[in-house]
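Spelled out from the first residue to the last, the chains are:
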Amino acid sequence: MQGYPPGTIRSEVVPKLVDTSIRVISQEPLAGAIPTAQVLHLAEVLDRAGFAYLEVSGGGTFDAAVRRGVESPWERIRAIKARTKTPLALAIRGRFLVGNRPLPDELVRRFVLCAAQSGITVFRLHDPLNDVENLRVAAAAVHEAGGELEAGLLYGSNRHEALIEAARRLPELKPVRILLDDPAGLLQPHRAGQLVKELGEVSGLPVGLYAQGAGRNGLSVAIEAARAGADLVGSAIYPVALAGSRVTGESAAEAFAGIGADSGVDIDVLWEAAELVDEFIGDTTVAPLSPRIAVRSARLRIPVGVVAAIDTQLRARDERSRLDEVLSEVERVRAEVGSPPLAAPIGTIVASQALVNVLSASRYSTIVDELQELVSGRYGKTPGPIDPALTRAVEHLDAHDAGPEEVDFEAIRREAEGLAASEEELLLLALFGSDAEALLRSIRERAGGFETLGAQGVDQGRADRIRSVVDIVQETGVGEITIEEDGTRISVRRTVSSGAAAPVAIPADAAAELDAPVSAPRPSGFVRIESPMVGTFYRSPQPGEPPFVEEGEAVSPGQTLCILEAMKLMNEVKAEVGGIVRAIHVQNAEPVEYGRLLFEIEPVSGPPSL
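Note that the structure is a prediction, hence the values are computed from the model and not measured. Counting starts from 1 at the beginning of each chain's written sequence and moves along it residue by residue. Owing to the predicted nature of the model, reporting of local features is limited to residues with pLDDT of at least 70; listing and counting of side-chain atom pairs is limited to 80 or more, with chain, interface and lining totals taken over all residues. Excluded from the side-chain calculations are hydrogens and water; all other atoms, namely the structure's heavy atoms, are used.

1. Section: the overall build of the protein chain
Consideration 1: In this description a helix means any DSSP run of H or I spanning at least four residues, a strand means any run of E spanning at least two, and both kinds are numbered starting from the N terminus. If you tally the helices and strands in the protein chain, you get 24 helices and 19 strands.
Consideration 2: Note on classification: 1.4 Å probe, protein chains only; a residue is buried when its accessible area is under 20% of the maximum for its type, exposed when over 50%, partly exposed between these limits. Across the 610 residues of the protein chain, 55% fall into the buried class.
Consideration 3: Considering only intrachain contacts with a sequence separation of at least 6, the fraction spanning at least 24 residues in the protein chain is 70%. The contact criterion used throughout is that any non-hydrogen atoms of two residues lie within 4.5 Å.

2. What to know about the sheet that holds strand β17 (residues 579–584)
Consideration 1: The four strands lie next to each other as β12-β19-β17-β14, forming an open sheet whose pairing is antiparallel. Since the sheet does not close on itself, it has two edges, and those belong to β12 (527–530) and β14 (554–555), each with one partner.
Consideration 2: In terms of strand pairing, β12 meets strand β19 (residues 597–603) through four bridges, oriented antiparallel. Residue Ile-529 lies in a different strand from β19, and its bridge partner there is Phe-599. Strands pair, by our definition, only if DSSP identifies at least two bridges between them.

3. Describing the confidence of the model for the protein chain
Consideration 1: Mean pLDDT over the protein chain: 82, with 80% of residues reaching 70 or higher.
Consideration 2: Here residues 447–460 scores under 50 on pLDDT; set against residues more than four positions off or in separate chains, the count is 26 contacts. The quantity called pLDDT is the predictor's confidence in a given residue, expressed from 0 to 100.

4. Things to note about helix α16 (residues 346–359)
Consideration 1: Each residue after the first adds 1.5 Å to the expected span of a helix. Look at α16: 20 Å from first C-alpha to last across 14 residues, which is about the 20 Å you get at 1.5 Å a residue.
Consideration 2: Burial within α16 is extensive, with ten of its 14 residues counted as buried.
Consideration 3: Residues Ile-346, Gly-347, Ile-349, Val-350, Ala-351, Gln-353, Ala-354, Leu-355, Asn-357 and Val-358 constitute the buried set of α16.
Consideration 4: Structurally, α16 contributes buried residues whose contacts are with α14 (304–316), α15 (323–336) and α17 (369–375).
Consideration 5: The positive-phi residue at the C-terminal boundary of α16 is Ala-361, with phi of around 60°.

5. Examining the nonpolar core
Consideration 1: Remark: nonpolar core denotes a set of buried residues (Ala, Val, Leu, Ile, Met, Phe, Trp, Tyr, Cys) joined through side-chain atoms within 4.5 Å. Counting residues in hydrophobic clusters, the biggest one holds 105 residues, and the most contacted among them are Leu-42, Leu-46, Phe-62, Trp-74, Ile-92, Phe-111 and Phe-123.
Consideration 2: Excluding residues within four positions of it along the chain, Leu-42 makes contact with Ile-22, Ile-25, Ile-237, Ala-273, Leu-276 and Val-277.
Consideration 3: The next biggest cluster of nonpolar side chains, apart from the first, holds 31 residues, and it includes Val-337, Tyr-364, Leu-371 and Val-375.

6. Regarding the packing of aromatic side chains
Consideration 1: When two rings of Phe, Tyr or Trp (its six-membered ring) have centres within 6.5 Å they constitute a pair, described as stacked for plane angles under 30 degrees, edge-to-face for angles over 60, and tilted for the intermediate range. For the structure shown, the criterion picks out six aromatic pairs.
Consideration 2: Between Trp-74 and Phe-111, the ring centres sit 5.2 Å apart and the planes meet at 55°, which makes this aromatic pair tilted. Residue Trp-74 is found in helix α4 (residues 73–81), and its partner Phe-111 is found in helix α5 (residues 105–118); the two are separated by 37 residues along the sequence. Comparing Trp-74 with Phe-111 shows no difference in burial state: the two are buried.
Consideration 3: Summarising the aromatic geometry, the rings of Phe-96 and Tyr-379 are spaced 5.5 Å apart at their centres and angled 85° between planes, so their arrangement reads as edge-to-face. Here Phe-96 is found in the loop between β3 (88–92) and α5, whereas its partner Tyr-379 is found in the loop between α17 and α18 (388–396), with 283 residues between them in sequence.

Spelled out as structure tokens, the structure:
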């Protein structure tokens, strides 16, 4: 898309909508609430809606996937790509990538190239300090990969001139557009319209908007941005938007059409997607927000997440009455470190120092390591000047030199021999260390996907033929193919729920047992939990760990009962009701067919006794 000359404003722009639902439900606090099979189904539904692109991953997504230790975030991107035609997007923090620390150039480049190979075509980059220099390496890698670059600017600093100067420099990176990003929900509607116009004027680029906001403020911001010429607006389907204070796609599409700027998004498809998600999170209260926190956030213009985190820390120390004192110190610390936006990870750093200053009753007698690195320039250039006294204090502490620590890929490769099987898995180790080791070890020990074939007695030649059969199912849409050879029967079936083809190798003499009807339901009204897909049944999150549940145990609605694996994707099966587990019908690591009876649960009236 071409930019337009500086000094002119497009007055008849029809904004397109972007959907962020899959990214939001794949990070905390929603991570794991919806089984992977249903996430893939959701992607197929959203693919029909008419979005400009689907933002399916980002920092919170990678962090949640690795720390939960269930499934590789790269595998999920590829699985979604295989089921959709709409371009897929990834949100990354410049040279911070998907973490909270700046990283060396080569790691940034490799990460972007791996993301492109996995199916990402749109990269939404931003830097926590709005330092354009921190985006250069990632931007160059996006262009090298043939991707589309969206350059983000974070709203939230009181240094307006720094924001405008960054917008003036962003065209050097050759982005498709500038995205005004308000992750803290601080932007007011009138200000949104002003900024869209001003950013467009100084950059000569189209301007889009990503906004949050309690109640309908986010929608109001989006409408004013659209009136001012914004050509792209981020959104999420209704239940996800409500859980994460996002702009609702259904409301935005209807509102834009009402002002003569129809986005082309099919609202009926969005409601279909909303119903799918509602089945899993409709009764869940996600991150409840008290008025006490919300009011202080709005009045002081501090992100609600920062206020809530400080309140939690004070509660733990029985110091809750000092919340206002710490919030005042947050503003003071922020001014002293150059007035940066308080988005991740900077908001956490500033809040941590403010807590230390207040609770120790002595300002900067202790300086947290991350604040030292911020002041010393390791994180980049702040929007405003840093207080000279603070700079001297940090220099006296002999803080780390500016610049990211180098990563020895060859050392990681040697140490990861037998654990990491690809470049992308090496990147997970470089980014997440021991947490990634646990995830990769879990994947290896579960013997996922095709790697299970050897364990099932399938030689290499036969494994290659199985791969060919899977390719036929995936490429042609055939529902099921069965091959029987030398005492082994291979069934490859495409399931309706996940769209994934999962190979299962079964000795011929055992086929009759596996294909036999499952045990009849007991006459006592037990709830049957059946397999929603073809896959492998695992009772515990990782080998060697205790099972999720045992017979006779009480479970709550939504509690994880087991994991079903198909093609390296891990699907958590959850209890539909509260009650007592009366029977477990499958052995650990046993292949299961669609509809196979897994558990029987005796419902109880009221919450089960734990």
